[in-house]
Amino acid sequence: GRKFPRPPKTRIITVANQKGGVGKTTTTVNVAAGLAQSGLNVLVIDNDPQGNASTALGIEHRAGTPSVYEILVEGESLASTIQQCPDVPNLWGVPATIDLSGSEIELVSLVSRETRLRKAIDKYLADRIAAGEERIDYVLIDCPPSLGLLTVNAFVAGREVFIPIQCEYYALEGLSQLLKTIDLIRSHLNPELRVSSILLTMYDGRTNLAQQVAGEVRSHFPAETFKTTIPRSVRISEAPSYGQTVMTYDATSTGALAYLQASRELAERGQGGSSPRRAMQAEPVGAQ
Ligand code: ADP
Ligand code: MG
């Protein structure tokens, strides 16, 4: 049965951080699986040419498979690319293939290059409703580790930004750049966009450093930072090699339970992580 509340309308959430290896993909797929296991309809868009989210979701992503590339560059419908994930009911994915790696360059010369993903998602959601199908409750978009056109498309498509932060040295470095980019997108392309969620990943509470970083993140972003932290867990890192999320690979592991709790927090907080009026300040973070 459904355990988490359904949002009043589809929440479209862009998972971003231009740093690599901070847990974007891991967070995207496991939060998505947690929401889906709790009865919600969830769609993951793998917007990173590396295709790691596709691997973890167990969906086909060999070169030539209809994917985000076809949506962005060839203007194909999202419906023609979507796949049902094998292990979790109510979970769907749009894969990324290696074809996507050239797309940032190909997109430059295309009309409305920043809004292509948004149009495809919005049309898909509207078509489902028109066809009398069940609504998608959450769309999660996994981003590459850069602020290029792929990430810009994801920021224009999303209504919320979810930032995973790894509790390490330099965790906050680059965050002001990310927030500035989000501000620019808000001013020029997507006035609704705001940071709703920050999740501390690979957190080891026994170390002073992790505690210090966590404290700093919470003091800058008290409303956005989740109470739940994600511990380092071997099971989390093993799951993708079995084409699974940790939620099905080892559902009772500490990593799976932490991600289930994070997905519950996301669902229960609604959109209300931060007040829409409270603009986030980029400056103090850059001073790290
Ligand atoms: P990103 O998408 O930001 O590049 P990933 O989600 O791919 O980051 O994570 C980077 C690496 O760290 C991957 O090998 C992943 O399996 C591993 N990893 C992520 N989160 C955890 C965790 N909580 N515990 C252990 N390993 C993790
Ligand atoms: Mg990734």
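Residues take numbers from 1 onward in each chain, read along the sequence in its written order. Here every chain gets a letter starting at A, and every ligand a number starting at 1, in the order they are written. In keeping with the model being predicted, local features are shown solely for residues with a pLDDT of at least 70 and side-chain atom pairs are shown and tallied solely at 80 or more, while totals for entire chains, interfaces and linings include all residues.

1. Describing the overall build of the chain
Test applied: Numbering of helices and strands runs from the N terminus; a helix is a DSSP stretch of H or I covering at least four residues, while a strand is a stretch of E covering at least two. Only C-alpha atoms enter the radius of gyration, while the globule expectation follows 2.2 Å times N to the 0.38, with N the number of residues. Exposure classes come from backbone-placed C-beta atoms, where a residue is buried if 20 or more other C-beta atoms lie within 10 Å of its own, exposed if 12 or fewer do, and partly exposed in between. Here contacts are defined at the residue level, using C-beta atoms placed from the backbone and a cut-off of 7 Å between them.
Along the chain, the regular secondary structure elements total 12 helices and 8 strands. Against the 2.2 N^0.38 benchmark of 19 Å for 288 residues, the chain shows a C-alpha radius of gyration of 18 Å, consistent with a compact globule. With the principal axes as the frame, the chain shows a C-alpha extent of 50 × 40 × 35 Å. With 288 residues in all, the chain has 52% of them scored as buried. For the chain, contacts bridging at least 24 residues in sequence account for 79% of all contacts bridging at least 6.

2. What to know about the site of ligand 1
Put simply, the test is: In this text, near has one meaning. A residue is near a molecule or strand if its C-beta atom, placed using the backbone, is within 6 Å of it. Residues were grouped as follows: Ala, Val, Leu, Ile, Met, Phe, Trp, Tyr, Cys and Pro as nonpolar; Asp, Glu, Lys and Arg as charged; and all remaining residues, including Gly, as polar.
Close to ligand 1 lie 17 residues; Lys24, Thr25, Thr26, Ile236 and Ser237 are nearest. For the shell around ligand 1, the elements supplying multiple residues, two or more each, are α1 (24–37), β7 (194–203) and α9 (234–238). Looking at the shell around ligand 1, the element that brings in the most residues is α1, giving 3 residues. Partitioning the shell around ligand 1 into residue classes produces 5 nonpolar, 10 polar and 2 charged.

3. Some remarks on the sheet that holds strand β3 (residues 83–84)
Hydrogen bonds between backbone groups are what pair the strands of a sheet, and the pairing can be parallel or antiparallel. What counts is decided by this rule: In short, DSSP must find at least two bridges between two strands for them to pair. Only C-alpha atoms enter the line fits that serve as axes; for helices the fit covers just the stretch in contact. Angles between N-to-C directions range over 0 to 180 degrees.
Strand order in the open sheet made by the 8 strands is β3-β4-β2-β5-β1-β6-β7-β8, with mixed pairing throughout. Unpaired on one side and paired on the other, β3 and β8 (225–231) mark the two borders of the sheet. When strand β1 (residues 11–15) meets strand β6 (residues 160–166), the two strands line up parallel, connected through 3 bridges. The partner of Thr14 across the bridge, within β6, is Val161. The strands touched by helix α8 (residues 208–220) within the sheet are β6, β7 and β8, with β7 carrying the most contacts at an inclination of about 175°. Sitting on the sheet, helix α11 (residues 254–269) touches β7 and β8, and the angle it makes with β8 is about 165°.

4. Points about the packing of helix α5 (residues 116–130) against helix α6 (residues 149–157)
The cut-off we apply is this: In these notes the angle categories are as follows: under 35 degrees is roughly parallel, over 145 is roughly antiparallel, 65 to 115 is roughly perpendicular, and the rest is oblique. Here a crossing is taken to be left-handed if its near helix is turned anticlockwise relative to the far helix by less than a right angle, and right-handed if that turn runs clockwise.
At their nearest, the axes of α5 and α6 sit 7 Å apart, and the two run at 40° to each other. Relative to α6, α5 is oriented oblique. Judged by the sense of rotation from one axis to the other, the crossing of α5 with α6 is right-handed. On α6, the residues that touch Arg116, Leu117, Arg118 and Ile121 of α5 are Asn153, Ala154, Val156 and Ala157. For the contact of α5 with α6, the residue count by class is 5 nonpolar, 1 polar and 2 charged.

5. Structural notes on the nonpolar core
Rules: To define a nonpolar core, we join buried Ala, Val, Leu, Ile, Met, Phe, Trp, Tyr and Cys residues through C-beta atoms within 7 Å and take the resulting set.
Residues Ala32, Leu35, Val42, Val44, Val139, Leu140 and Tyr259 are the most contacted members of the largest nonpolar core, which totals 85 residues. Beyond its immediate sequence surroundings of up to four residues, Val139 is in contact with Thr10, Ile12, Ile13, Leu43, Ile45 and Ile121.

6. So, the UniProt feature "domain: AAA" (unreviewed entry) in the chain
Test applied: UniProt positions are given in the numbering used here, feature names are shortened, and annotations may be inferred rather than shown by experiment.
Those places that UniProt annotates as "domain: AAA" (unreviewed entry) correspond, in this numbering, to residues 11–194. Across residues 11–194, helical content stands at 39% and strand content at 16%; the span's end C-alpha atoms are separated by 12 Å.

7. Quick look at α11
Cut-off, in case you're wondering: In this analysis, the expected span of each helix is defined as 1.5 Å times one less than the number of residues it contains.
Taking 1.5 Å of rise per residue, 16 residues should cover 22 Å, and α11 covers 22 Å from first to last C-alpha, within 8% of that figure. Buried residues of α11: Gly255, Ala256, Ala258, Tyr259, Leu260, Ala262, Ser263, Leu266 and Ala267, and no others. Elements that come into contact with the buried residues of α11 comprise α1, β7, β8, α9 and α10 (246–249). Of the residues flanking the end of α11, it is Gly270, one or two places downstream, whose phi is positive at about 60°.

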